[in-house]
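Overview (structure and organization)
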Amino acid sequence: MTTKTLPDLVPDAELNLPREAERTLPNGLTVIAIRRSAVPLVEVRLRIPFGRAPLAPATLLSQALFTGTSTMSSIDLAAELQAVGGSLAAGLDPDRLLISGNALADGLDRTLELLASVLTDATYPTDEVATERERLSDHIQVALSQPAHLARVALLKRIYDTHPYAVQTPGPEDVRAVGNAALRDLHAARLRPQGAVLVLVGDIDPDLAIDTTEKILGGWTGSAPDGSIAPPPAIETGPLLLVDRPGSVQSSLRMALPGITRTHPDYAALSLANFVFGGYFSSRWVENIREDKGYTYGSHSVIEHFVAGSTLLAAAEVATEVTGPSLLETVYELGRIASLPPGEEELEQARRYALGTLRLGMSTQAGLAGLASMYAGFGLRLGHLREHSAALSAATRDEVAAAAAKYLAPSRAVTVVLGDADKIESQLSALTVVERSTE
């Protein structure tokens, strides 16, 4: 069998960003419209600030938003959207309510009309809300049996303590206690255009799309209370937190390290350092505990961004009997990336991956809409993609090594392990101080 040599990668050309227009309407809504004419569709992303909203009502509202208006039932809304080849749905994170969907490009007007009706006239019918309440409660109940969810819950509480980001999922009993009146009150108080951002991406004329939006959504008015969230406290190191899950055949290993915002001067270098450590399939951590030792089916590290702050998170599910060795190898790989510069070829491979995924992420209408909306939530615009791409291309080996030493040192990490404590505590105690969770 002959071996084929892969061709050299061509140098990265400057990103070619599509045509866009932006306008803040008199009601305070910012509209960003981007032309991407690959297919005759338009993607819709409406981001409404929702920080510090009461968690259980806000979560249920995000699931029940499209249950009806004074003139349309949930079935009517769905049928009207389907008639223009579209759909809309809502979701929630600690910073915002996001309404997302798409439609045929020539159905944009009708899609915006239906969106406007929900924003200004949602009624939250009793029967429909009851169905969504039970569905959400059941979903949360199922999540509470999943180790990955429980490990994240424990890690968030460990790193954020009393900060609003510490609890991101309500209890099922809290959801069941939310009444229809609470949803209507929350909607009236918080679903307001001031500070909201609407992103439209597709086969549209950007200026005309904004004119259409102003005509249809101009009647949506009002301002919401300040939902800004203070920066979280710095991560405090301490004993490894062990969360007992008796009978578990796997342990959920989680680590958190200080992160930085996308606009920080070190961000591109840290991104590359993270890719080398554990940010993609060819990373050192994956090679070590998956490919070499077979401790896990997969591990991954990522910089997670919220509006008030960023954190680098590392996660792996490992077999119970190798929980201690997995932690040892993880700490070893963090120490190695923090103390030794990456190899030239290793860095270039990570750089190509970072640049390639950046381009891939904006290659579709939906991907571009998601990026534009996400960036807008942090006060950035698509031009930041070009800046970040250039920074990734320019980051030197020394800069990546310096960022790794500054942010990835294992001494700065917070560690949580969820598993069968009777079987893994002695393994972990041989490596570090262990504290059992009391919750």
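Structural notes, computed from the coordinates. These numbers were taken from a predicted model, which means no experiment stands behind them.

**Here we look at the overall build of the chain**
Within the chain, the regular secondary structure consists of 16 helices and 12 strands. Over its C-alpha trace the chain gives a radius of gyration of 24 Å, about what one expects of a compact globule, namely 22 Å for 439 residues. Taking the principal axes of the C-alpha coordinates as reference, the chain spans close to 65 × 55 × 45 Å. Out of the 439 residues in the chain, the part that is buried amounts to 51%. Counting only contacts in the chain whose residues sit at least 6 apart along the sequence, the fraction spanning at least 24 positions is 82%. Of the side chains in the chain, 37 bear a positive and 52 a negative charge, and the two mean positions are spaced by 2 Å.

**Some remarks on the nonpolar core**
Grouped together as the largest cluster of nonpolar side chains are 63 residues, with contacts concentrated most on Leu-242, Leu-385, Leu-408 and Leu-428. Per element, the largest residue contribution to this core is 9 residues, and it comes from helix H9 (residues 267-279). Beyond its immediate chain neighbours, meaning those up to four positions away, Leu-242 contacts Val-417, Ala-421, Ile-424, Glu-425, Leu-428, Val-434, Glu-435, Arg-436 and Ser-437. Membership of the second largest hydrophobic core comes to 51 residues, among which are Leu-25, Ile-99, Ala-116 and Tyr-124.

**A closer look at the side chain of Arg-190**
With respect to the helices, strands and loops of the structure, Arg-190 is situated in helix H7 (residues 180-190). Buried within the structure, Arg-190 lacks any salt-bridge partner; Asp-226 is the closest side chain of opposite charge, at an N-O distance of 7.5 Å. Excluding residues within four positions of it along the chain, Arg-190 makes contact with Ile-48, Pro-49, Phe-50, Gly-51, Arg-52, Ala-53, Ala-224, Pro-225 and Gly-227.

**Describing the sheet that holds strand S10 (residues 309-319)**
Across a sheet, paired strands are connected by hydrogen bonds in the backbone, their directions being either parallel or antiparallel. One open sheet holds the 6 strands; their spatial order is S9-S10-S8-S11-S7-S12, and the pairing between them is mixed. Unpaired on one side and paired on the other, strand S9 (296-306) and strand S12 (434-436) mark the two borders of the sheet. If you compare each strand with its neighbour and ignore which way they point, the axes differ by 20° on average. Pairing between S9 and S10: 9 bridges, direction antiparallel. Paired with Val-302 across the strands is Leu-313, a residue of S10. This element, helix H5 (residues 147-160), spans strand S7 (240-244), strand S8 (250-258), S9, S10 and strand S11 (414-419) of the sheet and lies at about 150° to S11. Each of S8, S9 and S10 is contacted by helix H10 (residues 284-292), which is oriented at about 150° to S9, the strand it contacts most.

**Regarding the sheet that holds strand S1 (residues 20-24)**
Spatial strand order, S1-S2-S6-S3-S5-S4: 6 strands in an open sheet with mixed pairing. The sheet is open, and its two borders are formed by S1 and strand S4 (87-92), each paired with just one other strand. In this sheet, neighbouring strand axes are inclined to one another by 15° on average, regardless of whether the strands run parallel or antiparallel. The strands touched by helix H1 (residues 55-64) are S4 and strand S5 (96-104); relative to S4, the strand with the most contacts, the crossing angle is about 170°.

About the thresholds
Residues numbered from 1 in each chain as written. Predicted model: local features only at pLDDT ≥ 70, side-chain atom pairs only at ≥ 80, totals over all residues. Heavy atoms only, no water. Helix = DSSP H or I, 4+ residues; strand = E, 2+ residues; numbered from the N terminus. Rg over C-alpha atoms; globule rule 2.2 N^0.38 Å. Buried < 20%, exposed > 50% of the residue type's maximum accessible area, 1.4 Å probe, protein only. Contact = heavy atoms within 4.5 Å. Lys, Arg positive; Asp, Glu negative; His and termini not counted. Charge placed at Lys NZ, Arg CZ, Asp CG, Glu CD. Core = buried A, V, L, I, M, F, W, Y, C linked by side-chain atoms within 4.5 Å. Salt bridge = Lys/Arg side-chain N within 4 Å of Asp/Glu carboxyl O. Pairing = 2+ DSSP bridges. Axes fitted to C-alpha atoms, helices over the stretch in contact; angles between N-to-C directions.

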